[in-house]
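For reference, the chains in residue letters:
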Amino acid sequence: MRKPALYSPSHRAGPPQADARALPAVEASAVPAPAGRFRRLRQASARAASSPRVMWSAMVLIAALLAASVWQGGVGGAKALTQKDIDAAVLRTLTTQNLPSRAARAAEKIRPAVVRVVSYGKNGEGKEVEQGVGTGVVITDKGIILTNLHVVQTALSIKVVYADGAESPATVTGAQPQNDLAVLQAQIIPDDLIAATMRSTNDLVPGEDVVAVGFPFGIGPSVSSGVISGFDRAFKSPEGVQEIGNLIQFDAAANPGNSGGPLVTMDGEVIGIVTGILNPTSHRTFVGIGFAVPIESAASAAGLPPF
């Protein structure tokens, strides 16, 4: 059975909610509290969880500490691990392990849900030819994809290319012109299709890190990182007559071809759909100001009011 759209609540609004796919929680009373040096191992694990970089090395660190503890006990010295020992082990792990950046982890999480959107039209000879490339993001594993309306508006036919290279024809099943949004339905749906997780923008603030993934100038998938610059912005493209409001402004690099792609948090959760860039010149290249439609508006275009 395929799953519905995935939503992630605002992270600061309250305690995190369990994912429906998560394993059952274990009652705290069912696990005896470790003592002595093993209590210190648990404390080391808690400190590791508080930092994204350290979390990636927690398994290696605790295994090393456990081995050291067992060795000390076997030798008969029975020397208890000190805070200095733990700090030294953490520092050594951080300096010897090549850990991926937060942006790299966010991109890796969202990449399976990002698709290339190719639109086709007819040339002067009446032959079908590629007329443009944009980006889309899968929001349910039933093959529902969000993209920009201007990416597919004049297309006679549409093709989407999944992250693994598989292709499928797609049709426009919905549109929200006031927000430059289109909803696509893929005709061929892989059994292992992964949908993105969407996250509310309600508690986000300027300065938070974000990542944009897409196909700028058809190259990609390409990843760029930056921060949220502001909210409630308005934008009108040079060739457009309609102004779009209530947009997220960001400074992660975006260019033609990024249109319709996801803007995500460092957790890889979608907070917006990239829709345009501002350039005071006639060139359609990035100068540091990009705009995205908040995911609340984008999901509603697909009939999926989130949160």
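Structure: see above.
Residues numbered from 1 in each chain as written. Predicted model: local features only at pLDDT ≥ 70, side-chain atom pairs only at ≥ 80, totals over all residues. Heavy atoms only, no water.

Right, let's get into the overall build of the chain. When you go through the chain residue by residue, the secondary structure sums to 6 helices and 14 strands. The buried share of the chain, reckoned over its 307 residues, is 42%. If you sum the accessible surface of the chain, you get close to 16,200 Å²; carbon and sulfur atoms cover 56% of it. (Helix = DSSP H or I, 4+ residues; strand = E, 2+ residues; numbered from the N terminus. Buried < 20%, exposed > 50% of the residue type's maximum accessible area, 1.4 Å probe, protein only. Areas by Shrake-Rupley, 256 points an atom, 1.4 Å probe, with all protein chains shown as cover.)

The subject of this paragraph is the nonpolar core. In terms of nonpolar packing, the biggest core is built from 45 residues, with Ile-110, Val-117, Val-137, Leu-146, Val-160, Leu-184 and Val-270 touching the most fellow members. Here this core gets 5 residues from one element, more than from any other, and that element is strand S7 (residues 181-186). Judged by nonpolar contacts, the second largest core, of 13 residues, contains Val-210, Ala-212, Ile-248 and Val-274. (Core = buried A, V, L, I, M, F, W, Y, C linked by side-chain atoms within 4.5 Å.)

Time to look at the environment of Ser-297. Within the secondary structure layout, Ser-297 lies in helix H6 (residues 295-301). C-alpha separation for the pair Ser-297 and Gly-272, spaced 25 residues apart in sequence, amounts to 8.7 Å. Sequence-distant contacts of Ser-297, defined by excluding residues within four places in its chain, comprise Gln-176, Asn-179, Leu-181 and Asn-246. (Contact = heavy atoms within 4.5 Å.)

By secondary structure assignment, the location of Gly-288 is in the loop between strand S13 (270-277) and strand S14 (290-294). Residue classification places Gly-288 among the partly exposed positions, given a relative accessible area of 24%. Along the primary structure Gly-288 and Ile-277 are separated by 11 residues, whereas in three dimensions their C-alpha atoms are 8.2 Å apart. Beyond its immediate sequence surroundings of up to four residues, Gly-288 is in contact with Phe-250 and Asp-251.

Glancing now at the sheet that holds strand S5 (residues 157-161). In space, the 6 strands of this closed barrel follow the order S2-S3-S4-S7-S6-S5, with antiparallel pairing throughout. If you compare each strand with its neighbour and ignore which way they point, the axes differ by 40° on average. Alignment of strand S3 (residues 128-140) against strand S4 (residues 144-148), held across 3 bridges, turns out to be antiparallel. Across the sheet, residue Thr-140 finds its bridge partner in S4, namely Ile-144. (Pairing = 2+ DSSP bridges. Axes fitted to C-alpha atoms, helices over the stretch in contact; angles between N-to-C directions.)

Before going further, it helps to spend a moment on unusual backbone geometry. The step from Gly-220 to Pro-221 runs through a cis peptide bond, and the omega angle for that step is 10°. Mapped onto the fold, Pro-221 is located in the loop between strand S9 (209-214) and strand S10 (222-235). Positive phi, normally seen in glycine, also occurs at Asp-180, with a value near 55°. Overall, the relative accessible area of 11% leaves Asp-180 in the buried class. Residue Phe-217 is not a glycine yet carries a positive backbone phi of 55°. Residue placement: Phe-217 occurs in the loop between S9 and S10.

Quick look at the pattern of salt bridges now. For side chains bearing opposite charge, pairing can occur when the charged atoms are close. Scanning all chains against the criterion turns up 5 salt bridges. The salt bridge involving Asp-209 is made with Arg-102; its shortest N-O contact spans 3.1 Å. Residue Asp-209 is located in strand S9, and its partner Arg-102 is located in helix H4 (residues 102-110); the two are separated by 107 residues in the primary sequence. Arg-102 sits in the partly exposed class, given a relative accessible area of 39%. (Salt bridge = Lys/Arg side-chain N within 4 Å of Asp/Glu carboxyl O.)

Taking burial as the measure, the 9 residues of strand S2 (residues 114-122) include 7 buried ones, the bulk of the element. Where S2 lies against S3, 9 bridges are found, and the strand directions are antiparallel. Residue Val-118 lies in a different strand from S3, and its bridge partner there is Val-133. Here S2 folds back onto S3 in antiparallel fashion, the turn holding 5 residues, of which Gly-126 has a positive phi close to 85°. Here S2 pairs with S5 via 5 bridges, running antiparallel. The residue bridging Tyr-120 from the neighbouring strand is Ser-157, located in S5.

Another point: the side chain of Arg-199. Of note, Arg-199 is situated in strand S8 (residues 197-199). In this structure Arg-199 comes out as buried when scored by relative accessible area, which is 4%. There is a polar contact of 2.9 Å between the side chain of Arg-199 and the side chain of Asp-203. (Polar contact = N/O pair within 3.5 Å; in protein donor to acceptor, adjacent residues only side chain to side chain.)

Following the sequence through the fold, Asn-279 ends up in the loop between S13 and S14. Side-chain polar atoms of Asn-279 contact the backbone oxygen of Thr-285, separated by 2.7 Å. Excluding anything up to four places from it in sequence, Asn-279 contacts Thr-285 and Val-287.

No statement about biological role is implied by the geometric values presented.
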